[in-house]
Amino acid sequence: MIRRNVLLRIACVVFLAATALAQTGGELRFCLRSEPKTFNPLLVADDASETIRYLTGGVLIRVNRLSQVAEPELATDWKISKDGRSITFTLREHVFFSDGTPFTAEDVASTVRQMMDPNLHSATGDAFRSGSGSVAVQVLAPNRITVTFPAAVAGLDRQFDQVAILSAKSPKKEMAALGPFYVADYKAGSYVLLKKNPNYWKSDKDGKKLPYLDGVRLDIQSNRDIETLRFRRGEIDLINSIDAEYYDRISETSPSLVRDAGPSLDSEQMWFNQVAKAPLPAYKVQWFRSQNFRRAVSEAINRDDLARVAFSSHAKPALGPVSPANRLWFDNNLKPTPYDTTASLRRLQQDGFRLDKNVLRDKEGHEVEFSIITNAGNKYRERMATMIQQDLGKIGIKVNVLTLDFPSMIERMTQSFNYEAALLGLANVDVDPNAQMTVWMSSGDNHQWNPQEKTPETPWEAEIDRLMQQQASSVDFKVRKAAFDKVQEIVADQAPFIYLVNKNALMAISNSVQGEVPVVLRPQSYWNVERMSLNAETAKARQ
């Protein structure tokens, strides 16, 4: 009996020790694919720096990546003025930076002033620049502050998801963190080491301090093959975003290690060059500016095949400019573009095109031929371009595929305009339509089919300008949603972009990781990192 009791006590001790290790969490490891360009969260403009900001930055409001709803963080409450210009925050009290410096409204005031200083050139601040003039900051109490902008900022509260608060008093400046981790070490070209913030304010439902993890090691590795090999060996714990080819390689032998969260916010699309001064024959510009021509090309492309073949079924045919994964802003009235070569030819005939011995000719007899440029080395786009070439060949259109290095492609798209059609993707980080203002406004740099128009060159572009300005100046979600739904419907009808597929959000996560909840919004695999941990065996091995 005594022996049995001793064994039971030993078992209990082992169990409790294992539980403690699991809750402690150990050191999570994954890769950055480039060198971080900054540790200042207000200057973030690259993926690596954004990863570090997400892991170390404390924000007033956080958009929950699963529900896509704005939730309180360092601000316990907030109120937006009726005119959409001001927001008043009530701040969480008894919160400290990683170095022990107290968090107060003065830190928020200092952060906002820095962010909106035009001399800083903050990409984060650009999202708040709604009109000319300066921002006004009023500290009402140590835990209350009002920020007033020169003009209304649509979706004002959600914009603060990207604003990591800096200390106004800490000698460590931006290295003093309010997030779950802080930067403990950095070796250029090798790694960034994050350690658990001892002063992080959150606890779990049982009162245990978060985060569970002791730290995060971010190895700098741009080679996808090496990254995948290290994941297979167990040297890193996750790959946050993985291509379909690598996903399938891992899935063949270890299906439990991969996650497909479904269609992401990212889109793949093609478009025709409609720039008046482009060095193209006038008759081709006339084709490209024809709604019937663009929609006919769209109808002749088999999107189901693109998703199945080019992306090994890890993509879905795109319905329009917004992915269905964007729960707030997707227009549910949009319908898929059917693959229908008969309807395509019928539409082309309305503009005088005709088939002549399997060759499509325009009303002046010109053979319909154009080139699609895409970036060399992107095998998915190269495959799609080849498949589009084959699809359009079925309606008599000759397509040439030209792959270019990325700088050369950008030069043609933005400076010389020496191209006919292009195939590229758009990575959407923010669900709010304001993030796409430069795409849809006719004066925008990213209005790719005809950028930087001095005035809208078509009535439908003028209407999109009006609608985008309407949604951007309103604080009423219903007004904004109605306006942006109409934008999506105009884009679907006019087809300035021919949307092809929405890639799925693919990731690889080790079985040693606990508490992960894969989502489609970035960062897909570690958005809830403060509640993630490693199993006892892995955690112990990394102590």
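All residue numbers here refer to positions counted from 1 along the written sequence of the relevant chain. Totals for whole chains, interfaces and linings use all residues, but because this is a predicted model, local features are given only for residues with pLDDT of at least 70 and pairs of side-chain atoms are given and counted only at 80 or more. Hydrogens and waters are ignored; side-chain quantities use all the structure's heavy atoms.

Draft legend 1. Summary view of the overall build of the protein chain. Along the protein chain, the regular secondary structure elements total 17 helices and 21 strands. Per-residue and other accessible areas were derived by the Shrake-Rupley procedure at a 1.4 Å probe size, with only the shown protein chains allowed to occlude residues. Carbon and sulfur atoms form 50% of the exposed surface of the protein chain, whose accessible area is close to 24100 Å². Charged residues are defined narrowly, with Lys and Arg counted positive, Asp and Glu counted negative, and His plus the chain ends left uncounted. For this purpose, a charge sits on NZ of Lys, CZ of Arg, CG of Asp or CD of Glu. Here the protein chain contributes 67 positively and 65 negatively charged side chains, and the mean placements of these two sets differ by 4 Å. Working definition: helices are DSSP H or I runs of at least four residues, strands are E runs of at least two. Numbering for both runs from the N terminus.

Draft legend 2. Just the sheet that holds strand β6 (residues 136-141), in detail. Strand pairing is assigned whenever DSSP identifies at least 2 bridges connecting the two strands. On the basis of which strands lie adjacent, the open sheet formed by four strands has the order β4-β5-β7-β6 and antiparallel pairing. In the strand order of this sheet, the two ends are held by β4 (75-80) and β6, each with one partner. With direction set aside, neighbouring strand axes in the sheet form an average angle of 20°. Pairing of β4 with strand β5 (residues 86-91) involves five bridges; the strand directions are antiparallel. Within the sheet, the bridge partner assigned to Ala75 lies in β5 and is Leu91. What counts as an axis is a line fitted to C-alpha atoms, over the stretch in contact for a helix, and the angles between N-to-C directions run from 0 to 180 degrees.

Draft legend 3. Spotlight on the pattern of salt bridges. One side-chain nitrogen of Lys or Arg within 4 Å of one carboxyl oxygen of Asp or Glu is enough to make a salt bridge. In this structure the tally under the stated criterion is 34 salt bridges. With a closest N to O distance of 3.1 Å, Arg522 and Asp266 form a salt bridge. Remark: Asp266 occurs in strand β12 (residues 258-272) and Arg522 occurs in the loop between β20 (513-514) and β21 (533-534); sequence separation between them is 256 residues. Owing to a relative accessible area of 27%, Arg522 belongs among the partly exposed residues under this scheme. Overall, Asp266 belongs to the buried group, its relative accessible area being 13%. The network of salt bridges with common partners includes Arg217, Asp219, Arg230, Arg233 and Glu235. Burial classes follow relative accessibility: with a 1.4 Å probe on protein chains only, a residue under 20% of its type's maximum area counts as buried, one over 50% as exposed, and anything between as partly exposed.

Draft legend 4. Just the side chain of Glu453, in detail. Looking at the element boundaries, Glu453 is found in the loop between α14 (437-440) and α15 (459-472). Nearest to the buried, unbridged Glu453 among oppositely charged side chains is Arg289, at 6.7 Å. From its side chain, Glu453 meets the backbone nitrogen of Glu457 in a polar contact 2.9 Å long. Setting aside anything within four residues of it in sequence, one finds Glu453 in contact with Ser442, Ser443, His447 and Glu461. Polar contact is the term for a pair of N or O atoms within 3.5 Å; when the atoms are in protein, one must be able to donate a hydrogen and the other to accept it, and sequence-neighboring residues count only if both atoms are side-chain atoms. In this analysis, two residues are considered to be in contact whenever any of their non-hydrogen atoms come within 4.5 Å of each other.

Draft legend 5. Looking closely at the pairing of strand β7 (residues 144-148). Burial analysis of β7 places four of its five residues in the buried class, the great majority of the element. Looking at chain direction, β5 and β7 are connected through five bridges and run antiparallel. For Ser86, the partnering residue across the bridge sits in β7 and is Thr148. As paired elements, β6 and β7 share five bridges and run antiparallel to each other. Residue Gln138 lies in a different strand from β7, and its bridge partner there is Thr146. Hairpin geometry of β6 and β7 is characterised by an intervening segment of two residues between the two adjacent antiparallel strands.

Draft legend 6. Fine view of the packing of aromatic side chains. For this analysis, a ring pair means two rings from Phe, Tyr or Trp (six-membered ring only for Trp) whose centres lie within 6.5 Å, classed as stacked if their planes differ by under 30 degrees, edge-to-face if by over 60, and tilted for the remaining angles. With the rule as written, the count across this model stands at 27 aromatic pairs. On the basis of an interplanar angle of 10° and a centroid distance of 5.3 Å, the ring pair of Phe311 and Tyr380 is categorised as stacked. Note that Phe311 is positioned in the loop between α10 (303-310) and β13 (315-317) and Tyr380 in helix α12 (residues 379-393), a separation of 69 residues in sequence. When its relative accessible area of 3% is taken as the criterion, Phe311 is described as buried. Through pairs of rings, three or more aromatic residues link up here, namely Phe272, Tyr283, Trp287, Phe288, Phe293, Phe353 and Phe370.

Draft legend 7. Structural view of the side chain of Glu73. Assignment of secondary structure puts Glu73 in the loop between β3 (70-72) and β4. Look at Glu73 and you get buried, because its relative accessible area is 12%. Once you skip the residues sitting within four places of it in the chain, Glu73 turns out to touch Val59, Leu60, Ile61, Arg62, Arg92, Tyr200, Trp201 and Lys202.

Draft legend 8. Quick look at the nonpolar core. Here the nonpolar core consists of buried residues drawn from Ala, Val, Leu, Ile, Met, Phe, Trp, Tyr and Cys, with membership extended through side-chain atoms lying within 4.5 Å. Core analysis: the largest hydrophobic core is formed by 60 residues, its most contacted members being Leu28, Leu55, Leu218 and Trp440. With residues up to four places along the chain from it excluded, the contact list for Leu55 reads Phe30, Gly179, Pro180, Phe181, Leu194, Val216, Leu218, Tyr526 and Val529. Judged by nonpolar contacts, the second largest core, of 52 residues, contains Ala278, Val368, Ala421 and Val501.

Draft legend 9. Examining the environment of Lys82 more closely. In this structure, Lys82 sits in the loop between β4 and β5. For Lys82, a relative accessible area of 84% puts it in the exposed group. For Lys82 and Ala152, which are 70 residues apart along the polypeptide, the C-alpha to C-alpha distance reads 9.4 Å.

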